[in-house]
Amino acid sequence: MGYINMRQCLQDLEARGDLVRIGEEVDPYLEAGAIQRRVFQNKGPALLFTNVKNTTFPMVGNIFGTMQRARYIFRDTLDTLDRLFKLKIDPLLFFKAPWKYLDVLPMLARTMPKRVSQGPISRGETTIERLPQLISWPLDGGAYVTLPQVYSENPARPGIMQSNLGMYRVQLTGNEFRTNREVGLHYQIHRGIGHHHQLALEAGEPLKVNVFVGGSPAMTMAAVMPLPENVPEMVFAGALGGHRMRMVRAANGLPMPAEADFCISGRIVPGRELPEGPFGDHLGYYSLRHDFPVLRVEKVHHRVDAVWPFTTVGRPPQEDTVFGDLIHELTAQLIPTVFSGVREVHAVDAAGVHPLLLAVGRESYVPFARQRQPQELLTNAMNLLGQSQTSLAKYLIIAALEDDPGLSAKHIPRFLQHVLQRMDFSRDLHFITRTTMDTLDYSGISLNQGSKLIMAAAGEVKRRLGMKLPRDLPLGDFSNPRFMAPGIMAVQGPRSTQERDTHDPEMDKLAASLNEAAGMQDFPLVVVVDDSDFVTRCWDNFLWAVFTRSDPATDTYGMGSFVHCKHWGAEKGIVIDARLKSYHPPILDPDPGVEKRVDELGARGGPLYRII
């Protein structure tokens, strides 16, 4: 059986040497977050801060800081979940070898939550300002809950089977929120709570919402799991946790986990939105202030021995990277059942997840064709962009598995080389413009709006990719060309002053000049960046800078570009303007003074000695 509550988990981690107690006073303003990020980067233990400034509640961070620790936390159920997913793919497996799947039936029995009259969460009450006031980055607009489990129900059909549990950030203080009475609730597009909120607004009623913090670790994982709409996250939590989740009634009438550490109970008020943010986010930049719904707080429940779990996000990899890796590990075998014709997908963490999606799919529409081209791949791509979290992808690059059965989207350098060798840039670029995009991505034309690009590759090798940069390139005001990988070049550009939703005429000139340059047929992908040495230093830098700082339709230029019957193509290849723009938000930079303090904690005699 998995952990019933957070205390059980922490005691177990400490007993096996995978949790360190920090008894020195730690400030939740910048310091706690900086410590957690540094320990994560060093693959260190979970951290229990027992002396947190301005609060009586301890904080715990880096719980899911390594894949080994995440697997250990869910060790009792991962194998059974794997067998359950195998049965979903092929139910006949049960009849072929029933003894292998005997533990699946008890797991299914544990999925449904159980209502009880009371529990530890009911025994304490506090206020918002007495909670740990975590501020992770210097320009954050206030204190945040960074591992929230936001629970809502369909107001027209209340009950757990029509519920949603998601990890939507919650701003506790700052801006115009009334202290202890209101908190900000930031949920992005394509989130389950949005449908519940819409129904409540249509009925003219407040939407009841509970924000759980802590409790069973399975609840945290369930809140980030991309499940089908007809599968409640609470059901998955029971399966992953290995026990039925006991639920009690909160102040607003909705259920809350009896073993949760905290629950902020309230209602979203119709017609009341207030500025939320800024917030240092997982793309590596601040998300800015925008109006979002306000949660009117009715009560803050807590258990007597409550501990406040937290994480910090920023430029990947961070602790949320482990969530993504575990999700990939759990769901990889299900991909072909959800997306017919798709063998593998990889939402690239180094690029911020949603900005770049790589996929391997089937190309069998015309198997007898002498010259194969992407056809079924385009159907696969539209399917990926039409449902689930993959619909938020900005760049979708898809390749045919028939051309290389060993090709994997996880091996990024080889995958991109495979694609660039086979793409016909006059045919295989497909833009979707003026469409929705990730709320946290500011490269588009407005909040929630930008473009997408499908790059598809199938058939024989069409070009030899360059291994050495051409000489005497006509770069004009651009400079410092650098080799990144076969067929990929980075060029340093002057600071961009281009306005949002406009093309840069200097980029058009550069693309036209490169189209005439000798040897450029071997470099079909050119990226223009602020610092070509930084971008080509490693793949993580390249993926982060290129795909978080560009909008496909706005920032893609063609070497020999043309438009034919509304189709845009290029003769030799494309040039992507991946410079920071005037309308992009600031990059996340840590506070030097706080970093110095963290260094001191890691010095000989300090609590983090040999950990950071």
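Thresholds, definitions, all that
- Residues numbered from 1 in each chain as written.
- Predicted model: local features only at pLDDT ≥ 70, side-chain atom pairs only at ≥ 80, totals over all residues.
- Heavy atoms only, no water.
- Salt bridge = Lys/Arg side-chain N within 4 Å of Asp/Glu carboxyl O.
- Helix = DSSP H or I, 4+ residues; strand = E, 2+ residues; numbered from the N terminus.
- Buried < 20%, exposed > 50% of the residue type's maximum accessible area, 1.4 Å probe, protein only.
- Phe/Tyr/Trp six-rings, centres within 6.5 Å; stacked < 30°, edge-to-face > 60°.
- Lys NZ or Arg CZ within 6 Å of the ring centre and 35° of its normal.
- Axes fitted to C-alpha atoms, helices over the stretch in contact; angles between N-to-C directions.
- Parallel < 35°, antiparallel > 145°, perpendicular 65-115°, else oblique.
- Contact = heavy atoms within 4.5 Å.

Student: It is not clear to me how the pattern of salt bridges should be interpreted in this structure. Could you clarify?
Tutor: Once their charged atoms are close, side chains differing in charge can pair, the charge on each being opposite to the other. Considering all chains together, one arrives at 36 salt bridges under this definition. We note a salt bridge from Arg482 to Asp533, for which the minimum N-O separation is 2.8 Å. Here the residue Arg482 occupies a position in strand β24 (residues 479-485), and Asp533 occupies one in helix α15 (residues 532-535), the gap between them amounting to 51 residues. Judged by its relative accessible area of 35%, Asp533 falls in the partly exposed class. A salt bridge links Lys509 to Glu506, with the shortest nitrogen-to-oxygen separation between them at 3.4 Å. Separated by three residues within a single helix, Lys509 and Glu506 lie in helix α14 (residues 505-516), roughly one turn from each other.

Student: Would you explain the packing of aromatic side chains in this entry?
Tutor: To describe a pair of aromatic rings, you give the distance between the ring centres and the angle between the ring planes. Under the criterion given, the structure shown has 14 aromatic pairs. With a centroid separation of 4.9 Å and 80 degrees between ring planes, the pair formed by Phe57 and Phe262 is classed as edge-to-face. Taken together, the positions of Phe57 in the loop between β2 (46-49) and β3 (59-61) and Phe262 in strand β14 (residues 262-276) put the pair 205 residues apart, joining distant regions of the chain. Look at Phe57 and you get buried, because its relative accessible area is 8%. Plain terms: the ring middles of Phe64 and Phe74 are 6.3 Å apart, the flat faces sit at 15 degrees to each other, and that makes the pair stacked. Highlighted residues: Phe64 in the loop between β3 and α3 (67-73) and Phe74 in the loop between α3 and α4 (78-89), separated in sequence by 10 residues. Here Phe64 and Phe74 have matching classes, each one buried. One aromatic cluster is present, formed by Phe57, Phe262 and Trp308 through successive ring pairs. Taking NZ or CZ as reference, Arg75 lies 3.9 Å from the ring centre of Tyr72, over its face.

Student: What is the right way to read the packing of helix α8 (residues 217-224) against helix α10 (residues 319-331) from this model?
Tutor: Angle between the axes and distance between the axes: these two values describe a pair of packed helices. The geometry of α8 relative to α10 is characterised by a closest axis approach of 11 Å and an angle of 80 degrees between their N-to-C directions. In terms of their interaxial angle, α8 and α10 are classed as roughly perpendicular. Between α8 and α10, the residues in contact are Thr220, Met221 and Val224 and Phe323, Leu326 and Ile327, respectively.

Student: Which parts of the structure should I look at to understand unusual backbone geometry?
Tutor: Excluding glycine, most residues fall at negative phi; most peptide bonds, likewise, are trans. A cis amide bond links Gly277 to the next residue, Pro278, at an omega of -5 degrees. Cis rather than trans, the peptide bond between Pro316 and Pro317 has omega equal to 5 degrees. A positive phi angle is found at Asn62, which is not glycine, with a value near 65 degrees. Residue placement: Asn62 occurs in the loop between β3 and α3. The backbone phi angle of Asn175 is positive, close to 50 degrees, even though this residue is not glycine. With respect to the helices and strands, the residue Asn175 is situated in the loop between β9 (170-171) and β10 (182-185).

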